[in-house]
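This is what each chain is made of:
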Amino acid sequence: MTTIISPRGRKEVVHCRRTESQDVYCIKSLIRKFTENLFGRINIIYLLEKANLAITVCNERDEIMAHASFLDYPNWNISTEDDWISVFSEVDSELQCTPLNTLFMHLFVSVEEYSIDCCKEIIRTVFKAVPELHFIFLVIPAYMSLGSALVTVFEPIGTVPCLSFEDDYSIYICPRHHHCPQLFIRIARVEDHDDLMPIFMRHDTSLRETYGEYFLAELIDAQDEENYSVICEFTESKEEIIQEHLPIYPSSASSSSLSIQPEELIKVGTPLSETSSDFGKASKASLTIDEEDFRPVYKGEPSAFCIQLFCIDEKYETRSLDFMQFVFSLFPHKDFCVISVPHLTPEFILIQNFIRIVPFNNSILDNDLYVFHRAGLLKSINIRLATTNDLSGIENLIKTLNLNQSILEDYAKYNMARRDRDGTKVQTFVAEVLNQIVGVSIIRDEMDIEYIRSHYNIEDFIYYAHHQREEHGHIHHFVLNPIFQHYTKYFLKEILRLSFKNCLYYPIYPQSRDGKFQNPYAHSLTSALHYLVPVRPRRQIVYPLEELGINAPSKEVSKDQPAYALYHTNRKLMLEPKVTINARIVVVGASNVGISFLETLVFCPHLKFNNLTLISIHGLPGKNLLHTGLRKFLASDHCFNDKDYALMSLCSWVNVVVGKMIGINRAAKHVILSNEKIVPYDHLILCTGQQYQVPCPTGADITKLLTNREIQEERKQRYTGKIPSNLFTLNDEEDCLKALKWLKENFVSSEGNVIIYGNTIDIYTTIETLLYIGINGNRIHLVQPPLNSNITCINNFAVENAVQDALLYSDVSIYREAILAQWNDGEYPDPITCASFTTTTKPFKIQCDAFFNFHEKNVDYETFKALNDSCLVYDGRLVIDTTFHTNDITIRAAGPLTKFSNRYYANEWTHSSFSSKEIGFQLAATMLTLFDPTLEPVIEPPGDLDRLIPMYKGAKMKGGVLPGPFHYLHVAKPMIPTPLDVQISQGDFGLQIITGKAKKGNYFRIHVNKYQMVETITCLSSNPFPASNYIALFGQHEQVLNNLCSRYSEGLITDLYSFFQEPWAMAIFHDRFIDLKKELREILASKEEEELPSIEILARQLVDEEINLCEKPKKYLQKFFQETIFKAEVEKSILDYLHYNKYHLPMYAWPGII
């Protein structure tokens, strides 16, 4: 915050921020005739799309006081974007301006009264935001004066002609040192102590408390040839001073448990000179490398020094790098500077120029290690188009990379024709320092931009309509020597400028099971990934292409191609900082809750999480292992599928530790794994869920003709014996793959029986899969134990009957109310050759060669033991509060593993009642308040509300292929399980709409509640159907669905499958339909005219009977809507929605199309 004073003495407290799209209207209002004469007539939205940096000044009332836009090339067309340096060198040959240190002001507007102070505040903010920036240029017509504000910060340097017109233009310059002078660095003296201590105490008092009042004086006094203290002074006073203490440590000691790849830091290319520019050889020391573990063993003289303490006044923080030149001069024989920082320390500006070293999985250090090479101080980096002479330099740079041959092939295409065989333009750029190639990037024109726009939310970052097709580029390769990693954004910015692009895209295709890249889609891995933003995929409409005919979307939109995760950057994002979070966030369990949690964190574009770790028995899911078409052993909850995992590319951001949690050391804050590894954490997320457990036979002797009633007390025992090799408890795709492989090798061609034991929906999907792979139904025996309640897994009599008939038709044997008594008559259980069961009447025995168990899900015993031994409160499930906390503030938990504390008196509600995907999202939302500076701090709820549990509204779903085969989908609101017939008997149940018959395979049921909202959807069909379309119907008002209820009551709807394939429904299935509904609600809730109330206020008045009517309230509201401006506003909004999304919705007509 800064206080500015107008010439009249008025004061305003202002702050600067990045310009947002909603500022456009206010910025336009500040433009005057003088502004247009100075900068030309400007399209503000277009300018903001092009601007590298746009700053807005706001007051305490959030009113816009001033705005300025800055680009990396001059305005008024005095030169081309890629060649302005030559023009400026002719104006003043002594100017040391480069694309790295230069920006151009393209617009400045301000409230007239505060223009001078606002201008100065913007300039200070720009120099602070871009530490590399040294010059800001302003180009205006020669006949124009600067005005009262700009003249205070700019000074003239010359004139240049225009490329398009005969006019001359004046060039003005604003150098950094007028606003942020370079600091004076020197060795510290003991007498500096009194000036330094206040700065240290502002940040931290722990050092003084630990080492005493004069610890800093003692450090300064202890300087020798290997330990220095360095301070910096501003002007001639020591008002603002910063200090470092720099003892020498061997680099091996600094990185003993951290991964420093020799190719990255040492063997980066052969230098052209063995004397001055020898940053290719970082050290003459030798390295011994273990190929398997890749842990270099250092065997040379120490080549690094270490920063032990660092503190700087916030006002001068952007000048932190000024230290490094002086510090390296103190250690002329050292190549590296290292600094270790606690994980929970926010990343400050100095280490943003360092390289963060990625730790090994078993690292237990509490700090992150950062490294800086002395060559990183060089400012002479030059980005240019490659030439044929660069071949040897590029080969040296990339020779250790996996896909170096692919890079060289693309480089050859560039040299030969500048295009691919299909005509796509190819461009190769190199980064050069002291005549040595240190980086290379190859881009092409983005030819699939229509597909990208329709399948990814790129419009979260750009206004698509303001970018030409040729201004979208596709990164195929990006390699930069890690020594110069802090220039990555500059490299990308120069690629955009020199290629005349506005946007760049980079896809990541999923890896195949053996870990190799899929061809021909593979790109070389880019070291720039952290500087790009992940783009969320869009939910796609499943189109009935035959019914739509010529009204279907174009092939560019609807084509099917391999899924990939998309990353993006553009001019606006080039100077946008990311908040780096090094906190160690460890997620235990790759459940849907855990994946949703990680997805939410990863897709925060302004945050960069460096230490996300997933502990899972089988690693990340989504490997598409089974390849059995639509048949899956396990039912789906429609949270994530293999394509969703490919679209996320979590493996790019999440460290995966394969193992099982067997303990938690809360004091040391680490998780203990079954392979004796430990994983340290700062925040631990437990979402292991519940799994099918190995069933424990009751041991009942069936020769004694025992019944279920006589053995009930023994049913809850845990099995501790030998697990049979032909017993399958399927909990994830890896388990299913092993089962499928075993069945094909040992069972399908034999004649033995298979027992399916359980009463969940997975028994039906597994039976259908067994039938599908060729196992006859007479070999399948379905044994269903007694239900714990009167609610079945399907809870729909019509669907259950159809499935039962299909089982009987396939000759599947069914046994009900049966409890597992023994395997192999109580003898050695491996392998299982027979199983005996007790029932309510007579026991029975079945010979079998395979046994599938789907009886009950429960918390895994080792997980329970780990939680219990670590003294986390466990009461049947892990106890949490409404913010996901356990009794340990650093440990959170979510999903079926948990239950709410008894103090909420809500034991019937658990996370199992809600959508796992929504639970994961809400869990991440509570965590983001700790890390995201853009979020408002959480306000503690009032005491009476603290006892209420959160009620999530997302749909709970399940589906799969059932015997028949029938394709099944059930979508319902979160609720306490209740039999369907009991629900229907309730007075406020609403209406159910049913078409077709379950046994005929065309059953479709929709339940509309008393508020006319779709609450339940059940589909059972012999043919595949677009499940994602039908899921989008949940929560919609029946009138939105083309007056569903009235049409059904009039007999106009006989088949809901056909009804929802009609063209009118496509807009409802669109992923942005929810945004349209929000927009329409805002219109109806706003006062469009001063003298008229909003529709929302009017409706409330009618409900509260504040208005006396002689007609029905509904008719009155309709009449009011028709006769006021609301109707026109709503129609305009709907037409805009259809027009803007016409690439997805070409089946709709709008005014002007005919």
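Residues numbered from 1 in each chain as written. Predicted model: local features only at pLDDT ≥ 70, side-chain atom pairs only at ≥ 80, totals over all residues. Heavy atoms only, no water.

**Concerning the packing of aromatic side chains**
For the structure shown, the criterion picks out 49 aromatic pairs. Between Phe 305 and Phe 331, the aromatic rings sit 4.5 Å apart at their centres with planes inclined by 25 degrees, giving stacked as the arrangement. Residue Phe 305 is found in strand β14 (residues 304–306), and its partner Phe 331 is found in the loop between α11 (322–330) and β16 (336–342); the two are separated by 26 residues along the sequence. Classification of Phe 331 by relative accessible area gives buried; the value is 5%. Between Phe 310 and Phe 323, the ring centres sit 6.1 Å apart and the planes meet at 75 degrees, which makes this aromatic pair edge-to-face. You can see Phe 310 sitting in strand β15 (residues 309–311) and its partner Phe 323 sitting in helix α11, a full 13 residues away along the chain. (Phe/Tyr/Trp six-rings, centres within 6.5 Å; stacked < 30°, edge-to-face > 60°. Helix = DSSP H or I, 4+ residues; strand = E, 2+ residues; numbered from the N terminus. Buried < 20%, exposed > 50% of the residue type's maximum accessible area, 1.4 Å probe, protein only.)

**As for the packing of helix α18 (residues 592–602) against helix α25 (residues 916–931)**
Relative to each other, α18 and α25 sit at 45 degrees, their axes nearing to 7 Å. When the axis of α18 is compared with that of α25, the two are oblique. Read as a crossing pair, α18 and α25 show a hand that is right-handed. In this structure, α18 contributes Asn 592, Val 593, Ser 596, Phe 597, Glu 599, Thr 600 and Leu 601 to the contact, and α25 contributes Ser 916, Lys 917, Ile 919, Gly 920, Phe 921, Leu 923, Ala 924, Met 927 and Leu 928. Of the residues contributing to the contact of α18 with α25, the split by class is nine nonpolar, five polar and two charged. (Axes fitted to C-alpha atoms, helices over the stretch in contact; angles between N-to-C directions. Parallel < 35°, antiparallel > 145°, perpendicular 65-115°, else oblique. Left-handed = near helix turned anticlockwise from the far one by under 90°. Contact = heavy atoms within 4.5 Å. Nonpolar A, V, L, I, M, F, W, Y, C, P; charged D, E, K, R; others polar.)

**Observations concerning helix α34 (residues 1125–1140)**
With 16 residues, α34 should cover 22 Å at 1.5 Å per step; its first-to-last C-alpha distance of 22 Å lies within 8% of that length. When α34 is considered as a whole, its buried residues turn out to be Phe 1126, Val 1130, Ser 1133, Tyr 1137 and Leu 1138. When α34 is viewed along its axis, its buried side chains cluster within an angular range of 135 degrees and face the same direction. (Expected span 1.5 Å × (residues − 1). Arc of directions from axis to C-beta.)

**Remarks on the layout of surface pockets**
Counted as a void, the second largest pocket has a volume near 1700 Å³. Along the wall of the second largest pocket there are 38 residues; nearest its centre are His 1037, Gln 1039, Val 1040, Leu 1080 and Leu 1084. Taken together, the elements giving at least two residues each to the lining of the second largest pocket come down to α30 (1066–1069), α31 (1073–1085), α32 (1095–1103), α33 (1113–1123) and α34. Tallying contributions element by element places α31 first for the lining of the second largest pocket, with seven residues. Residues belonging to the lining of the second largest pocket are distributed by class as follows: 23 nonpolar, seven polar and eight charged. (1 Å grid on protein atoms, 1.4 Å probe; cavity = no way out; pocket = protein on both sides within 12 Å on 5 of 7 lines; lining within 4 Å. Points joined across faces, edges and corners; volume = space filled by probe spheres on them.)

**Remarks on the pattern of salt bridges**
The tally for this structure, following the rule as stated, stands at 45 salt bridges. Here Lys 413 and Asp 410 are joined by a salt bridge, their closest N and O atoms 4.0 Å apart. One end of the pair is Lys 413 and the other is Asp 410, both in helix α13 (residues 404–417) and three residues apart, which spans about a single turn. Lys 413 gets classed as partly exposed once you look at its relative accessible area, which sits at 39%. By relative accessible area, Asp 410 is classed as buried at 8%. The shortest N-O distance in the salt bridge between Arg 538 and Asp 1071 comes to 2.9 Å. (Salt bridge = Lys/Arg side-chain N within 4 Å of Asp/Glu carboxyl O.)

**Looking at the pairing of strand β6 (residues 135–141)**
Burial analysis of β6 places seven of its seven residues in the buried class, the great majority of the element. The pairing of β6 with strand β8 (residues 168–175) spans seven bridges and is classified as antiparallel. Within β8, the position partnered with Ile 136 by the bridge is Cys 174. (Pairing = 2+ DSSP bridges.)

**Focus: the confidence of the model for the protein chain**
Taken over all residues, the pLDDT of the protein chain has a mean of 87, while the share at 70 or more is 92%. Counted against residues more than four places away or in other chains, residues 236–292, with its pLDDT under 50, gives 172 contacts. In the predicted structure, residues 514–519 sits below a pLDDT of 50 and forms seven contacts with residues beyond four places in sequence or in another chain. (pLDDT = per-residue confidence, 0-100.)

**Topic: the nonpolar core**
Ranked by internal contacts, the top residues of the largest apolar core, which has 93 residues, are Leu 492, Ile 585, Phe 597, Phe 609, Ile 664, Leu 684 and Leu 686. For Leu 684, the contacting residues outside a window of four places in its chain are Val 586, Val 588, Ile 664, Val 671, Thr 890, Ile 891 and Arg 892. Ranked by size, the runner-up nonpolar core spans 65 residues in total, among them Ile 4, Leu 38, Leu 53 and Phe 70. (Core = buried A, V, L, I, M, F, W, Y, C linked by side-chain atoms within 4.5 Å.)

**Some points on unusual backbone geometry**
Going from Asp 830 to Pro 831, the amide bond is cis rather than trans, its omega being -5 degrees. Structurally, Pro 831 can be placed in the loop between β40 (819–823) and β41 (834–838). Even without glycine at this site, Phe 884 takes up a positive phi of about 75 degrees. You can see Phe 884 is positioned in the loop between β45 (878–880) and β46 (891–893). Given a relative accessible area of 1%, Phe 884 falls into the buried group. Backbone geometry places Gln 1012, a non-glycine residue, at a positive phi of 65 degrees. Of note, Gln 1012 is situated in the loop between β51 (1002–1008) and β52 (1014–1021).

**Overview of helix α5 (residues 115–129)**
The end-to-end C-alpha distance of α5 is 21 Å, a good match for the 21 Å that 15 residues give at a rise of 1.5 Å each. By the burial criterion, the buried members of α5 are Ser 115, Cys 118, Cys 119, Glu 121, Ile 122, Ile 123, Thr 125, Val 126 and Phe 127.

**Brief notes about the sheet that holds β40**
Taken together, the three strands give an open sheet; going across it, the order is β40-β41-β42, and neighbouring strands pair in antiparallel fashion. Every interior strand has two partners, whereas the edge strands, β40 and β42 (844–847), have only one. Strand-to-strand twist across the sheet, computed as the mean angle between neighbouring axes with direction ignored, equals 30 degrees.

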